[in-house]
Amino acid sequence: MTAGLGPLDGIRVVDLSRALAGPYASLMLADAGADVVKVERPGAGDDTRGWGPPFVGPDDDPESAYFLSVNRSKRSVVLDLKDADDLAALRRLIADADVLVENFRPGVMDRLGLGQDALEELNERLVVLSI
């Protein structure tokens, strides 16, 4: 199933997660039709792009099969969360989202200025999944 063709059509998800549980949770939302926007770091992107073998794609730019399997049906945006303009862009994404998925270490969201109170102020209807 692709975005817009399922029971979660019209739902926007911001995915700040990496590794297994978060990307898998947002994958299930994407498979149900949600519009999932995965936020990746500049340069290397998500660490799991390099987890392999197996890798697929051209020899000069391979991606791990693992990354592709848990990030299918998602759109991707590159944001440097240490950059004020990029952090402002993330805040705009969150303000328009229905769901936020994150699996940072405890305290990281607070340090980014995106703790529970800040998120509620940005978007009072936001559902937050912290793994």
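Caption draft 1: Just the overall build of the protein chain, in detail. A tally of helices and strands in the protein chain yields five helices and seven strands. Along the chain direction, N to C, the helices and strands of the protein chain fall in the order β-α-β-β-β-α-β-α-β-α-α-β. Scaling as 2.2 N^0.38, a compact globule of 131 residues should have a C-alpha radius of gyration of about 14 Å, and the protein chain matches this with 15 Å. Considering only C-alpha atoms, the protein chain reaches an extent of 45 × 35 × 25 Å along its principal axes.

Caption draft 2: Region of the structure containing the pattern of salt bridges. This structure, assessed with the given rule, holds nine salt bridges. Of the charged contacts in the structure, one is a salt bridge between aspartate 46 and lysine 38, with a shortest N-O distance of 2.8 Å. Looking at aspartate 46, the relative accessible area reads 6%, which means it is buried.

Caption draft 3: A look at a nonpolar patch on the surface. On the surface, Leu20, Tyr24 and Met28 cluster together to form a nonpolar patch covering roughly 320 Å² of accessible area. You can call leucine 20 exposed: its relative accessible area is 53%.

Caption draft 4: Seen up close, helix H3 (residues 84-95). Along its twelve residues, H3 runs 16 Å from first to last C-alpha, staying within 8% of the 16 Å computed at 1.5 Å per residue. If you check which residues of H3 are buried, you get Leu87, Ala89, Leu90, Leu93 and Ile94. Down the axis of H3, the smallest arc covering the buried residues is 155 degrees, so these residues share one side. Facing away from the buried side of H3 by over 90 degrees, the exposed positions are Ala84, Asp85 and Arg92. Those residues of H3 that are buried are in contact with strand S1 (12-15), strand S2 (35-40), strand S5 (74-78), strand S6 (99-102) and helix H5 (116-122). Capping of H3 at its N-terminal end is provided by aspartate 83; its side-chain oxygen lies 3.0 Å from the backbone amide nitrogen of aspartate 85.

Caption draft 5: Up close: the nonpolar core. If you look at the biggest cluster of nonpolar residues, it comprises 20 residues, and the most contacted ones within it are Val14, Leu16, Leu90, Leu100 and Leu114. Put simply, the parts of the chain that give this core at least two residues each are S2, H3 and helix H4 (108-111). Aside from chain neighbours lying at most four places away, what touches leucine 16 is Val39, Leu90, Leu100, Val101, Glu102, Asn103, Phe104 and Met109. One finds Val13, Ala30, Ala34 and Val101 within the second-largest nonpolar core, a separate group that totals six residues.

Caption draft 6: Main features of the pairing of S2. Burial within S2 is extensive, with six of its six residues counted as buried. Residues Asp35, Val37 and Val39 of S2 are buried on one face, and the alternating residues Val36, Lys38 and Glu40, pointing to the opposite face, are buried as well. For S1 and S2, the ladder comprises four bridges, and the chain directions are parallel. Bridge pairing in S2 places valine 13 opposite valine 36. In the classification by handedness, the crossover that spans S1, the intervening helix H1 (residues 21-31) and the parallel S2 is right-handed. Where S2 and S5 come together, five bridges link them in parallel fashion.

Caption draft 7: Spatial organisation of unusual backbone geometry. With an omega dihedral of 5 degrees, the bond running from glycine 52 to proline 53 counts as a cis peptide bond. Mapped onto the elements of the fold, proline 53 is located in the loop between S2 and strand S3 (55-56). In this structure, proline 54 follows proline 53 across a cis peptide bond, with omega equal to 5 degrees. Looking at the element boundaries, proline 54 is found in the loop between S2 and S3. Residue serine 73 is not a glycine yet carries a positive backbone phi of 65 degrees. Mapped onto the elements of the fold, serine 73 is located in the loop between helix H2 (65-70) and S5.

What counts as what
- Residues numbered from 1 in each chain as written.
- Predicted model: local features only at pLDDT ≥ 70, side-chain atom pairs only at ≥ 80, totals over all residues.
- Heavy atoms only, no water.
- Helix = DSSP H or I, 4+ residues; strand = E, 2+ residues; numbered from the N terminus.
- Rg over C-alpha atoms; globule rule 2.2 N^0.38 Å.
- Salt bridge = Lys/Arg side-chain N within 4 Å of Asp/Glu carboxyl O.
- Buried < 20%, exposed > 50% of the residue type's maximum accessible area, 1.4 Å probe, protein only.
- Patch = residues over 30% accessible without salt bridge, like charges linked within 9 Å, V, L, I, M, F, W, Y side chains within 5 Å.
- Areas by Shrake-Rupley, 256 points an atom, 1.4 Å probe, with all protein chains shown as cover.
- Expected span 1.5 Å × (residues − 1).
- Arc of directions from axis to C-beta.
- Contact = heavy atoms within 4.5 Å.
- Polar contact = N/O pair within 3.5 Å; in protein donor to acceptor, adjacent residues only side chain to side chain.
- Core = buried A, V, L, I, M, F, W, Y, C linked by side-chain atoms within 4.5 Å.
- Pairing = 2+ DSSP bridges.
- Right-handed = clockwise from strand over helix to strand, strands pointing away.

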